[in-house]
Amino acid sequence: MPVALCWLIVIILALWLLATYHLFRRLNPYLLFTFFFVIGGVHSTLILQSPTAATDIYHLAQERREVSLIGVLARSPEIGPERSTLLVDLKEIMDRQGRKTVADGLIQLSMAAPPPTELIPGDLFIVRASIGPVASFGIPGAFNYQEYLSYQGIRASGWIRSPALIMKINRVAEPSWTEQLRYLPEATRYRLSRFLAASLPPEAAGVYQAILLGELANLSPKVQEDFKASGSFHILSISGLHMALVSLCVTLALSWFLRRSEWVLLHLPATKVAALLSLFPLTAYALIAGFNPPVVRSLIMVAVFIIALLVDRQWSILNNIAIAAFLLLAINPALLFTASFQLTFAAVAAIAIFAPTVAKIIDQKPTTDLRLVVRAWLWFKKWSLASLLISVVASLGTAPILACQFNRISLVSPLSTLLIEPFLCLWSLMLGLAACLLIGIPPLAHLLLDLGSTGITISLFIADFCARLPWSSVWLPTPTIPIIIAWYCMMFLLAYYRKLSRRWVITFGMACLVLVLISILPTSRTGQEGTTLTVLDVGQGSAMLIELPSHEFILVDGGRKQAPSASSLDVGENLIAPFLWHKRIRRLAAVVCTHPDADHYNGIPFILRQFRPKTLWVNGYESEEKGYKQMLDLATHLQIEIKVPAAGMVLMESAGVTLTTLTGGQTTTTEPSGRVGGKKGAGGNNQSLVLRLSYGQTSFLLPSDIGGETEQALLGQHEVTLKADVLVAPHHGSATSSSEGFVLAVSPRFVAISAGQNQAGHFPAPEIVARYQRIGSAILNTAGHGSLFYQSNGQDIRVETYR
């Protein structure tokens, strides 16, 4: 959409709202929400458009190349257990010939080691890196990393081979005071992060860096998974409770100090002045904590509460939430479409709606003639119940968004939150904040951190215990819009059923039921009849989904080559499963692992756990890779039948579709190492299962990673039909495969290449591409086109791409 048209729509809507203010007074809140929703859409469209400046790094990094970059470290480095990330505000770029070019914009650089310790935010430095456009997987339902970085103004990324390639530049003149002030919060954040890392064990330091500074990169994968599975991951983010505690402590300290002055007591309201002054350190803390949406929302809500206190106005939580949302969206309307914004406001809005019910529980006072111990117990029980209810309500309010964004919700979240928050927020957080203030007195700061780490240890134990509980968290398909609407309508009924007439309750209840039925009842698949082969964009690897007319689904392979910059990415959890859930697939009929190379199987274990196929087909060769044996053990544990097909065996026949294997596997190997005939057995590409899918007059050939040797063997088997309309290029288009005789025998109309970005020249090899072009094949590569969709109706094939 052109920029001018976007803003024209916004201006027309704004004028219409002003013109109809008195006419639709009661609808104004809803019209205002719609207005902001439209502005958010327009703003996000503008953000995602390409920068116009020729010096922007977006235009200078269209192709992967190695250059020298000169820029300023714009943010505190994220130093994780596997990689570190630097955000650079560029000044210049220099090629291998030494030619310098003025460059603007932000670029994110990663490396498999911590950066030099002397480099802090605001420093000018030069670095040698391989840069290019931001890589993102083109898979429906998967996280769009490119879009996520674009919202932050980051248009390019790069990889640094070694910290030795980074060198700080000593400036001739000191930076201006405005530039020093600009980077001061991030520099302070970095120094505090280093102090925590040097003072505590890695696990405790990672948690402290999360709850004090908003840095999640240092959390170990085990800690992250425990908090996610137990539904308490939000506690690790800086939230309203953190900001409220900081504000309360600062206000009490300032109030105590001001009350020491007789003049202040006679002329000023000490408490109000203290509350007002607390906004300054609170804002400074928000800046140090990264100033992300949850932090800003909390800061605004605390500020509105303090302003209400100053002007002696009644404080309303719903008005407070609305003001916070208004200000955030006024600054950046595109936040409306981010998970952080949605989860933050869904939680606080749900709490606000149910606040009267919780308040009634808190206001219940025990009889005064009870003994002190009994009254204390009743007080504890009342506040525990109220806290549990708040946690339950917040969980219910965020459940649809969690399911939509992450396909996962925790059933023990209210319990884990109730148990963890006192230790992590009321104990560890307060001691950690005090330690940061006393960083100039190391012995005392270390003592406070050691005491605070006790609360972290207890919190980690509780998170681990809750995560191990049966059904602690469940994975769900992406909910439809009707289901989300029905969910929030039911929450509305639950909150206000006493204030609504029976007619309204019945009407809303029936509407919710209709919405749910619309989503879950079978619907016609107009235009979707037939069979579809989807070649997923998993990078340098292979994963394909076969959809049958009988609504059965078969996954063929599921892995990718692990790059140093993404070694923690589980291709099954992060790429394949979100695609299946996006299509609302809950079960697979079968999974085929063509051979035990990691780039074909390392995502399958997660798929086995979540989609429970009836059968796992393998080639039968043993493997030296530990992960492959673990996959087979997992399948046995889940009671998934493991089968080895013979050549010519029909693996699936349904509704006119036949899936056949042209090559067979073996049940034993001649050597314990898995090597047959002097070649690697299970991991050998030539032992891959070759599949042929036929439907009516159309056919697909899936030869996995076979090389020229197996191709020639197939050509020699006269009973084997190789002709196919769609061919998935053997071995990702490598020069060792796609021999000329094989290509001519298949003569595909369409060729799909499953390869990673930045693999041009090898995957696919130029001579192989030329070989297919000579016979007139239409070639598509997942590296450029994203996921590829080949849909057959039995007569013809329709091709679509993600990009």
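About the thresholds
- Residues numbered from 1 in each chain as written.
- Predicted model: local features only at pLDDT ≥ 70, side-chain atom pairs only at ≥ 80, totals over all residues.
- Heavy atoms only, no water.
- pLDDT = per-residue confidence, 0-100.
- Contact = heavy atoms within 4.5 Å.
- Core = buried A, V, L, I, M, F, W, Y, C linked by side-chain atoms within 4.5 Å.
- Buried < 20%, exposed > 50% of the residue type's maximum accessible area, 1.4 Å probe, protein only.
- Helix = DSSP H or I, 4+ residues; strand = E, 2+ residues; numbered from the N terminus.
- Pairing = 2+ DSSP bridges.
- Axes fitted to C-alpha atoms, helices over the stretch in contact; angles between N-to-C directions.
- Phe/Tyr/Trp six-rings, centres within 6.5 Å; stacked < 30°, edge-to-face > 60°.
- Lys NZ or Arg CZ within 6 Å of the ring centre and 35° of its normal.
- Arc of directions from axis to C-beta.
- Salt bridge = Lys/Arg side-chain N within 4 Å of Asp/Glu carboxyl O.
- Expected span 1.5 Å × (residues − 1).

1. Section: the confidence of the model for the chain
Phase 1: The share of residues in the chain with pLDDT of 70 or more is 85%, and the mean pLDDT across the chain is 84.
Phase 2: Within the model, pLDDT remains below 50 along residues 522-527, and this stretch shows 4 contacts once partners closer than five positions in the same chain are excluded.
Phase 3: For residues 668-683, every residue scores under 50 in pLDDT, and the model assigns this stretch 34 contacts once sequence neighbours within four places are set aside.

2. Focus: the nonpolar core
Phase 1: Counting 50 residues, the largest nonpolar core has Val207, Tyr208, Leu212, Phe227, Leu236, Met243 and Leu424 as the members making the most contacts within it.
Phase 2: For this core, the elements supplying multiple residues, two or more each, are helix 5 (177-199), helix 6 (202-213), helix 7 (221-229), helix 8 (240-258), helix 11 (279-288), helix 12 (293-310), helix 17 (413-437) and helix 18 (442-468).
Phase 3: Discounting residues that sit within four places of it in the chain, leucine 424 has contacts with Val207, Ile211, Phe227, Ile235, Leu236, Leu429, Ile456 and Ser459.
Phase 4: If you look at the next biggest cluster of nonpolar residues, it comprises 36 residues, including Leu569, Ile576, Leu608 and Phe789.

3. Notes on the environment of serine 395
Phase 1: With respect to the helices and strands, serine 395 occurs in helix 16 (residues 372-406).
Phase 2: The class for serine 395 is buried, based on a relative accessible area of 19%.
Phase 3: On a C-alpha basis, the gap between serine 395 and threonine 417 in space is 10.0 Å, while along the polypeptide they are 22 residues apart.
Phase 4: Residues contacting serine 395, with those up to four places away along its chain left out, are Ser413 and Pro414.

4. Focus: the sheet that holds strand 21 (residues 691-695)
Phase 1: In space, the 7 strands of this open sheet follow the order 17-18-21-22-23-24-25, with mixed pairing throughout. In this open sheet, the two strands that pair with only one neighbour each are strand 17 (650-654) and strand 25 (778-781). When the angles between neighbouring strand axes are averaged without regard to direction, this sheet yields 15°.
Phase 2: By the bridge criterion, 5 bridges tie strand 21 to strand 22 (residues 698-702) in an arrangement that is antiparallel. When the sheet's bridge partners are listed, tyrosine 695 is paired in strand 22 with threonine 698.

5. Thoughts on the packing of aromatic side chains
Each aromatic ring pair is described using two quantities: the centre-to-centre distance and the angle formed by the ring planes.
Phase 1: Tallied over the entire structure, the rule returns 10 aromatic pairs.
Phase 2: Centroid distance phenylalanine 143 to tyrosine 145: 6.4 Å. Interplanar angle 55°. Geometry classified as tilted.
Phase 3: An angle of 85° between the planes, with centres 6.3 Å apart, marks the rings of tryptophan 581 and phenylalanine 606 as edge-to-face. Taken together, the positions of tryptophan 581 in helix 21 (residues 571-582) and phenylalanine 606 in helix 23 (residues 604-611) put the pair 25 residues apart, joining distant regions of the chain.
Phase 4: Clustering of aromatic rings is evident, with ring pairs tying together Trp475, Trp581, Phe606 and Phe611.
Phase 5: Lying across the ring of phenylalanine 233, lysine 228 places its NZ or CZ 5.7 Å from the centre.

6. Concerning unusual backbone geometry
Phase 1: Phi is positive for aspartate 557, which is not a glycine, with a value near 65°.
Phase 2: Here aspartate 557 falls in the buried class, since its relative accessible area comes to 0%.
Phase 3: For serine 704, which is not a glycine, the phi torsion comes out positive at approximately 55°.
Phase 4: According to the relative accessible area criterion, serine 704 is buried, its value standing at 10%.

7. Describing helix 27 (residues 766-774)
Phase 1: The set of residues buried in helix 27 consists of Ile768, Arg771 and Tyr772. Looking straight down helix 27, one finds its buried side chains confined to an arc of 95°; they lie on one side. Exposed positions of helix 27 whose direction lies more than 90 degrees from the buried face are Pro766, Gln773 and Arg774.
Phase 2: Tucked into the core, helix 27 has its buried residues touching strand 23 (726-728), helix 26 (740-746), strand 24 (750-753) and strand 25.
Phase 3: Positive backbone phi, approximately 85°, marks glycine 776, located one or two places after helix 27.

8. Considerations on the pattern of salt bridges
Proximity of charged atoms lets side chains of opposite charge pair with each other.
Phase 1: On inspection of all chains with the given rule, the structure shows 21 salt bridges.
Phase 2: Between arginine 161 and glutamate 66 there is a salt bridge, with the nearest N and O atoms lying 2.5 Å from each other. Remark: glutamate 66 occurs in strand 1 (residues 65-73) and arginine 161 occurs in the loop between strand 7 (154-159) and strand 8 (166-168); sequence separation between them is 95 residues.
Phase 3: With relative accessibility at 56%, the residue arginine 161 sits in the exposed group.
Phase 4: When the shortest N-O distance is used, the salt bridge between aspartate 464 and lysine 222 registers 2.8 Å. Of the two residues, aspartate 464 is situated in helix 18 and lysine 222 in helix 7; the sequence distance between them amounts to 242 residues.
Phase 5: Owing to a relative accessible area of 19%, aspartate 464 belongs among the buried residues under this scheme.

9. Digging into helix 6
Count 3.6 residues to each turn of an α-helix, and residues three or four apart come out pointing the same way.
Phase 1: Given a rise of 1.5 Å per residue, 12 residues ought to cover 16 Å, and the 15 Å separating the end C-alpha atoms of helix 6 matches this to within 8%.
Phase 2: With respect to burial, helix 6 is a largely interior element, 10 of its 12 residues being buried.
Phase 3: Along helix 6, the positions that sit buried rather than exposed are Ala204, Ala205, Gly206, Val207, Tyr208, Gln209, Ala210, Ile211, Leu212 and Leu213.
Phase 4: Positive backbone phi, at 75°, marks glycine 214, one or two positions downstream of helix 6.

10. Notes on the pairing of strand 5 (residues 106-111)
Phase 1: Most of strand 5 is tucked away: 6 of the 6 residues are buried.
Phase 2: Residue alternation in strand 5 divides its side chains into two sets, Leu106, Gln108 and Ser110 and Ile107, Leu109 and Met111, and both sets are buried.
Phase 3: Of the strand pairs in this sheet, strand 3 (residues 84-94) and strand 5 are connected by 6 bridges, and their pairing is antiparallel. Bridge pairing in strand 5 links aspartate 89 to leucine 106.
Phase 4: Of the pairings in the sheet, the one linking strand 5 to strand 7 comprises 5 bridges and is parallel in character. If you follow leucine 109 over to strand 7, its bridge partner there is glycine 158.

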